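Descriptive structure summary
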Amino acid sequence: MKWNKRGLLFQPQQYALPNGCADFAQSPQALVFEDFVRIYFSTRSRDAGGQYVSHIAFADVDKTVSRVLRTSTATVIPQGGLGAFDEHGIFPINVVRHDNLIHAFTCGWSRRISVPVETAIGMAVSHDDGLTFERVGPGPVMGPTPNEPFLVGDPFVLVRDGVWHMWYIFGINWVESPSDPGPARVYKIAYARSKDGVSWQRDAQAIVADALGPDECQALPTVIEVDGRWHMYFCYRQATDFRSNKARGYRLGYAYSSDLHCWTRDDARAGIDVSAEGWDADMLCYPHVFWSDGRAYLLYNGNAFGRDGFGVAVLEH
Amino acid sequence: MFTWRKLGHVFDPARIDRPDWMREFAQAPATLVFDTFVRVFFSCRPAADANGQYVSRAAYVDLKRDDLFEIVGLSAEPVMPLGGLGSFDEFGTYPTTVIRHGDEVRAYYGGWTRCSSVPFDVAIGYAVSHDQGVTFEKYGRGPVLGGSLHEPFVISGPKIRKFGTAYSLWYIAGTKWIPSKGRAEPVYRIRMATSPDGLTWTRYGQELIPVRLEADECQASPDVIFANGKYHMFFCYRYSLGYRGREKGYRIGYASSPDLVSWSRDDGKAGIDVSTEGWDSEMISYPHVFELDGKTYMFYLGNGVGRHGFGLAELDGVLA
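Worth saying up front: this structure is predicted, and the values here are computed from it rather than measured. (Residues numbered from 1 in each chain as written. Chains lettered and ligands numbered in written order. Predicted model: local features only at pLDDT ≥ 70, side-chain atom pairs only at ≥ 80, totals over all residues.)

Quick word on the overall build of chain B
Where we set the bar: Every helix listed is a DSSP run of H or I at least four residues long, and every strand listed is a run of E at least two residues long, numbered separately from the N terminus. We take the radius of gyration over the C-alpha atoms and set the globule estimate at 2.2 Å times the residue count to the 0.38 power. Residues with at least 20 other C-beta atoms within 10 Å of their own are called buried, those with 12 or fewer are called exposed, and the rest are partly exposed. The C-beta atoms themselves are positioned from the backbone.
In terms of helices and strands, chain B carries one helix and 20 strands. Its C-alpha atoms give chain B a radius of gyration of 18 Å, near enough to 20 Å, the size a compact globule of 320 residues would have. Buried residues in chain B amount to 49% of all 320 residues.

Laid out in structure tokens, this is it:
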């Protein structure tokens, strides 16, 4: 695989986004329409206490993913209610078209006391071509289980021959670290399947081999079919001291599969890495791969987890 | 109407020589009957921390089988550890419900975590004992029953039963949080799930007991027993706010069912109420009904929802 970088595609600071959001356009994810591509992302406001809250917004771009046509002007999905699993933000959102409906799988965030956060996966549906989404219910479709004890999140869903496939992450440990401001989390990529998108079978197995050892954090899996083979991109980093230490921060990882179940990790063939300088020189994270008009595109965030937006790369034929 | 004869205040940690972690409270009694004694599991608390916050621990007291007012044993340590950093049960295990399975004793318990915008969340964990309930080993580090699409939070108060070949778990599920005087108060209702193996649960998906006091009535402790051809449920209920006194505090309600899922509520039949004075004069809650040697008993909590432990009542006649 070889990806040709086209640079920064969307900078949130250049647009007037709803909910008072200015910085961050994280985890861009595409929904392809006939004459444009809608790219959802998570941006942030600050609440009364000064803490961040993630909101979903979108930018519509042309089919060659070169030019921003417009951005969302209203709330895409409202905040979760008091005490809900997604009360303090949604990051990221994964959008799937199936049976003439647009489904969204969300990663909801709620704040905790001994650790900063807990996450779980919610479900929503759009009846207006993805302008707005309604929750299917106030609670999560996938939360913790005995062997996936916390931090279930980062869903990516593919419906194929009537089977809903989901790649996601679950937490395996919270670790105390002198180099970090609070407890640090360790999470791994897993797989679930479903007949209806609501009831999921899963088996608490990490499906991608570690490259950085047992405390490697793996996030945001995304899967695409190219030339009859399945390709997974994700991001990975060290568990601690990853925010400003470039050597320990996020990079893009890669694995391939012929059957969607067994994955062989081979980061050397990812075909993309940090730049020598600029907006994606320190880290690469939150990848999303999709097809538009016969070309495969990779959306991703760079430095500072996407504070200054996302970029795009095109797969070389 | 049933007639419950109150026999008195059975157990209060403050009246005995006890460890620091059992300083006060003995909440949500649940029984396991042995040849010569009845093991009563309950949840207790060490002193509150500097912020006034409590952690609940699971314990038991053994009562002499032919005189339930005589204490013959007490757990030396909590019967299960708290969960690790970031786990659903890091800040408490309350309540605990137990059932025998061969030589094992299986427990379901409410695991407590602390949240930022609301004080807590609860999910139900599972644990197994190979020493008759003295110690339990948790099954995994996460819950067997937590928040789901239509039961979003505060999944708590489990009561495990086995009727026929299937397990039934009655529990409560939160419906909303009400902001009140700088704190959020949960509203919760009685629900149930069934399982062939005790691990994989299918939720019934509906509230079982209609509200009576107000739209935001809170219901807890769904304690089910089969007798004389039908299922009897004793539970407790209260107002959603202002419930820390006599007027709006917990009372014990009653419902019956032919089939475990359709219930007719008839609190007038419960047959037990607050006393005019004493340890159970302000509220009564967390009923647990059990049969022992031809008699039917109820353990229940009094004032302060078990701050002073639990008492015992005996049924005159039968559950019919």
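Some details on the confidence of the model for chain B
Heads up, the condition is: The quantity called pLDDT is the predictor's confidence in a given residue, expressed from 0 to 100.
For chain B, the mean per-residue pLDDT works out to 97, and 100% of the residues sit at or above 70. ipTM for the predicted complex: 0.95, alongside a pTM of 0.97.

Section: the environment of B:E24
The condition that has to hold: We call two residues in contact if the C-beta atoms placed from their backbones are at most 7 Å apart.
Tracing the chain through its elements places B:E24 in strand β2 (residues 24-33). Sequence-distant contacts of B:E24, that is, excluding residues within four places in its chain, are made with B:P13, B:A14, B:C44, B:R45 and B:R307.

Some points on the sheet that holds strand β3 (residues 37-45) of chain B
Residue and element names in this part refer to chain B. Inclusion rule: Each pair of strands is called paired provided DSSP finds at least two bridges between the two strands. Axis lines are fitted to C-alpha atoms, over the contacting stretch for helices. Their N-to-C directions set the angle, which ranges from 0 to 180 degrees.
Spatial strand order, β2-β3-β4-β5: four strands in an open sheet with antiparallel pairing. Every other strand in the sheet has two partners, leaving β2 and β5 (67-74) as the edge strands with one partner each. Across the sheet, the mean angle from the axis of one strand to that of its neighbour is 40°, orientation sign disregarded. Pairing of strand β4 (residues 57-64) with β5 involves four bridges; the strand directions are antiparallel. Bridge assignment links D62 to a residue of β5, and that residue is G73.

Re the nonpolar core
Applied cut-off: For this analysis, nonpolar core means a set of buried Ala, Val, Leu, Ile, Met, Phe, Trp, Tyr and Cys residues linked through C-beta atoms within 7 Å.
Counting residues in each nonpolar core, the largest one holds 172 residues, and the members touching the most others are A:I39, A:F234, A:C235, A:L298, B:L169 and B:Y300. The greatest single-element share of this core, amounting to seven residues, is contributed by strand β11 (residues 163-175) of chain A. Leaving out residues up to four positions away in the same chain, A:L298 has contacts with A:W3, A:Y233, A:I272, A:P287, A:V289, A:V312 and A:A313.

Thoughts on the interface of chain B and chain A
Taken residue by residue, the interface counts 28 residues in chain B and 29 residues in chain A. When contributions to the side of chain B that touches chain A are tallied by element, the ones reaching two or more residues are β7 (104-114) and β11 (166-180) of chain B.

Regarding unusual backbone geometry
Cis peptide bonds are those with omega within 30 degrees of zero, and the linkage from A:F91 to A:P92 qualifies with 0°. In this structure, A:P92 sits in strand β6 (residues 90-98). Geometrically, the link from B:Y94 to B:P95 is a cis peptide bond, its omega value of -5° lying close to zero. The residue A:A204 is not glycine, and still its phi comes out positive at about 60°. Assignment of secondary structure puts A:A204 in the loop between β13 (200-202) and β14 (217-226). A positive phi angle, near 80°, is found at B:L260, a position not held by glycine. For B:L260, the location among the structural elements is in the loop between β16 (251-257) and β17 (264-265). The class of B:L260 is buried, set by 20 C-beta atoms lying within 10 Å.

Notes on the sheet that holds strand β10 (residues 153-163) of chain B
Residues and elements named next belong to chain B. Overall, antiparallel pairing links the four strands, which are arranged β10-β11-β12-β13 in an open sheet. Pairing within the sheet leaves two strands with one partner each, and these edge strands are β10 and β13 (202-203). Two elements, strand β12 (residues 183-195) and β13, share two bridges in a ladder whose sense is antiparallel. By the bridge assignment, A193 is partnered in β13 with R203.

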